[in-house]
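Now for the letters of each chain:
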Amino acid sequence: MEILQRRSTTAQVWGAAEEFIRLFHRETPGAGDPRTRLAAVRAELAESGTYRHTPQELVHGARVAWRNSNRCIGRLYWNSLRVRDRRGLTDSDAIAAECFEHLREATNGGRVRPTITVFAPDTPQSPGPLIWSEQLVRYAGYGDHHSVTVGDARNAPLTEALLRLGWSGGAGTPFDLLPLVVQGVDDKPRWFDTPADAALEVPIRHPDGDGGGDGWADWGLRWHAVPAISNMCLEIGGIHYPAAPFNGWYMGTEIGARNLADADRYNLLPAVGRRLGLDTSSDRSLWKDRALVELNRAVLHSFDRAEVTIADHHTESRRFLTHLEREERRGRDVGADWSWIVPPISGSATPVFHRTYEDRQVSPAYVHHPGAQDRAQGRDLV
Ligand code: ARG
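Quick summary incoming for the structure in this document. (Residues numbered from 1 in each chain as written. Predicted model: local features only at pLDDT ≥ 70, side-chain atom pairs only at ≥ 80, totals over all residues. Heavy atoms only, no water.)

## Let's talk about the overall build of the chain
Filter applied, for reference: A helix here means a DSSP run of H or I that spans at least four residues, while a strand means a run of E at least two residues long, and both kinds are numbered starting from the N terminus. In this setup the radius of gyration rests on C-alpha atoms only. A globule is expected at 2.2 Å times the number of residues raised to 0.38. When accessible area is computed with a 1.4 Å probe and restricted to protein chains, residues below 20% of their type maximum are described as buried, those above 50% as exposed, and intermediate ones as partly exposed. A contact between two residues is defined here by any heavy atoms of the two lying within 4.5 Å. Accessible surface area values rest on a Shrake-Rupley calculation with a 1.4 Å probe, where residue burial reflects the displayed protein chains alone. Positive charge is attributed to Lys and Arg, negative charge to Asp and Glu, and no charge count is given to His or to the chain ends. Each charge is placed at NZ for Lys, CZ for Arg, CG for Asp and CD for Glu.
Along its length, the chain carries eleven helices and 16 strands. Taken against the 2.2 N^0.38 rule, which gives 21 Å for 382 residues, the C-alpha radius of gyration of the chain at 22 Å falls within 12% of a compact globule. With the C-alpha coordinates aligned to their principal axes, the bounding extent of the chain is approximately 70 × 55 × 35 Å. For the chain, buried positions account for 50% of its 382 residues. Contacts in the chain between residues far apart in sequence, at least 24 positions, make up 69% of those at least 6 positions apart. Just so you have it, the chain exposes about 17,800 Å², and 48% of that area is on carbon and sulfur atoms. With 45 positive and 50 negative side-chain charges, the chain shows a separation of 4 Å between the mean positions of the two kinds.

This is the structure we're talking about:
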């Protein structure tokens, strides 16, 4: 099994800790002079090789890590992230239960709330827990090595590993919920069935069907309400929280222009094109482009009808520019990765397209674990 490289020397931790404590005091009204806290952190580090964030430091650190996420267009609301402090939890069953509770609270009956749950950090004695699943909610992909016939091909390797481990599989639909895979401290990875009430899902229909056509109801398309990334590491002031699932709300294009559309995911453009009666024999009819627009209309319409929060890419782009202005007024640079910020359809019709950004990495941050990809695919699970 993969050796994790999250160990740092005490000197490295101290450097990062000092920087973060200063930032926290600078940005937190009433936090006062950092010197007392710095001395305490220094002593704790010398004594134990690590230190404990105060609840306020944890909240601000998790929020600033969002603020520093260069690939995220949705950062305007970084300062309202809800932080669930579960640092005391190290066992897989308790962690899984809290992940499902996270989903319920974040879903909030459809009014999605950006939320993070922070589990135990790495310590010099032992690495913290890990969530192998890429997101808290994932759909199975069934097939063999060469072709996935049903479901989300992205999750086919994990699905296969789970089946080998003894998961009995779902109903065999394209949208079967996968169990969550969690590895507790000093334990092997274990899987936990996702309770049906934890994962709200939205049936996808096309708006033009409501008045006359069938709205694609017969296709049985659906998507889950909350995107909750669960295999990134939260790093704050030199401390690593390897299990810290977080969510925002969806932007429609993530589902309509990627998850349901990508050729190596649900690959729905050909079917949508045919359904719309488009000439799919030639690229120059722009049937793919037209199918993309209709698929995205269907996603936004369906979430609206289900009263589940979703942003469209025009609104979210404008919000991002507001975020840039606001941060600039506060004297802070905003890093961004153009290729992730610009939406996958109609890029040039959004204001975020028409400028450049600097892609600097700063801390606190959400970082990819070494080996996260392998784990999300269930490699070494059996
Ligand atoms: N793109 C990913 C998905 O489609 C989710 C990434 C995070 N997205 C978000 N809106 N917070 O599931």
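So, next bit.
## Some remarks on the packing of helix 1 (residues 10-27) against helix 3 (residues 55-67)
To keep things clear, this is the line we draw: In this analysis, axes come from line fits to C-alpha atoms, helices being fitted only over the stretch in contact, and the angle between any two N-to-C directions falls in the range 0 to 180 degrees. Here is the rule for angles: anything less than 35 degrees is roughly parallel, anything more than 145 is roughly antiparallel, 65 through 115 is roughly perpendicular, and the remaining ranges are oblique.
Between helix 1 and helix 3, the shortest axis-to-axis distance is 11 Å and the interhelical angle comes to 95°. As summarised for this structure, helix 1 and helix 3 are arranged roughly perpendicular, according to the angle between their axes. Along the contact surface, helix 1 presents F20, I21, L23, F24 and E27, while helix 3 presents Q56, E57, H60, G61, V64 and R67.

## Brief notes about the sheet that holds strand 7 (residues 189-192)
Defined as follows: By definition, two strands form a pair when at least two bridges between them are found by DSSP.
Pairing in this open sheet of three strands is antiparallel, and the strands run 3-6-7 from one edge to the other. Among the strands making up the open sheet, the edge pair consists of strand 3 (130-131) and strand 7. One ladder, built from four bridges, connects strand 6 (residues 180-183) with strand 7; its direction is antiparallel. For Q183, the partnering residue across the bridge sits in strand 7 and is P189. With respect to the sheet, helix 4 (residues 92-107) is in contact with strand 3, strand 6 and strand 7, its orientation differing from that of strand 6 by roughly 140°.

## Some remarks on the pattern of salt bridges
Put simply, the test is: The salt bridge criterion pairs a side-chain nitrogen of Lys or Arg with a carboxyl oxygen of Asp or Glu, the two atoms within 4 Å.
By the definition in use, this model includes 25 salt bridges. E134 is paired through a salt bridge with R138; the nearest N and O atoms lie 3.0 Å apart. On the accessibility criterion, R138 (6% relative accessible area) is buried. We note a salt bridge from E294 to R297, for which the minimum N-O separation is 2.9 Å. Here R297 and E294 lie together in helix 8 (residues 287-305), a separation of three residues that amounts to about one turn. Sharing partners across several salt bridges, the network here consists of R82, R84, R86, E98 and E105.

## Here we look at the packing of aromatic side chains
Stated precisely, the cut-off is as follows: Planes of paired rings set the category: under 30 degrees apart is stacked, over 60 is edge-to-face and the rest tilted, where pairs are Phe, Tyr or Trp rings (Trp by its six-membered ring) whose centres lie within 6.5 Å. For a Lys NZ or an Arg CZ to count as sitting over a ring, it must be within 6 Å of the ring centre and within 35 degrees of the ring normal.
Following the criterion strictly, the structure yields eleven aromatic pairs and no others. Ring centres of Y77 and W249 lie 5.7 Å apart, and the angle between their planes is 55°; on these two criteria the pair is classed as tilted. In this pair, Y77 sits in the loop between helix 3 and strand 1 (82-85) while W249 sits in the loop between strand 13 (246-247) and strand 14 (250-251), placing the two residues 172 residues apart along the sequence. In this structure Y77 comes out as partly exposed when scored by relative accessible area, which is 30%. Pairing Y139 with F175 gives two aromatic rings, centres 5.2 Å apart and planes at 85°, and the pair type is edge-to-face. Taken together, the residues Y139 in the loop between strand 3 and strand 4 (141-143) and F175 in the loop between helix 5 (156-165) and strand 6 connect sequence positions 36 residues apart. Summarising the burial analysis for this pair, Y139 and F175 share the class buried. Clustering of aromatic rings is evident, with ring pairs tying together Y139, F175, W223 and Y266. The side chain of R67 reaches across the aromatic face of W78, ending 4.7 Å from its centre. One cation-aromatic arrangement involves R275 over W219; the distance from NZ or CZ to the ring centre is 4.7 Å.

## Here we look at the sheet that holds strand 13
Taken together, the four strands give an open sheet; going across it, the order is 1-2-13-10, and neighbouring strands pair in mixed fashion. Edge positions in the open sheet fall to strand 1 and strand 10 (228-229), since each of these has one partner strand only. Bridging between strand 2 (residues 115-118) and strand 13 involves two bridges; their strand directions are antiparallel. Paired with I116 across the two strands is F246, which belongs to strand 13. Packing against the sheet, helix 3 makes contact with strand 1 and strand 2, and its axis sits at approximately 130° to strand 1. Each of strand 1, strand 2, strand 10 and strand 13 is contacted by helix 4, which is oriented at about 155° to strand 1, the strand it contacts most.

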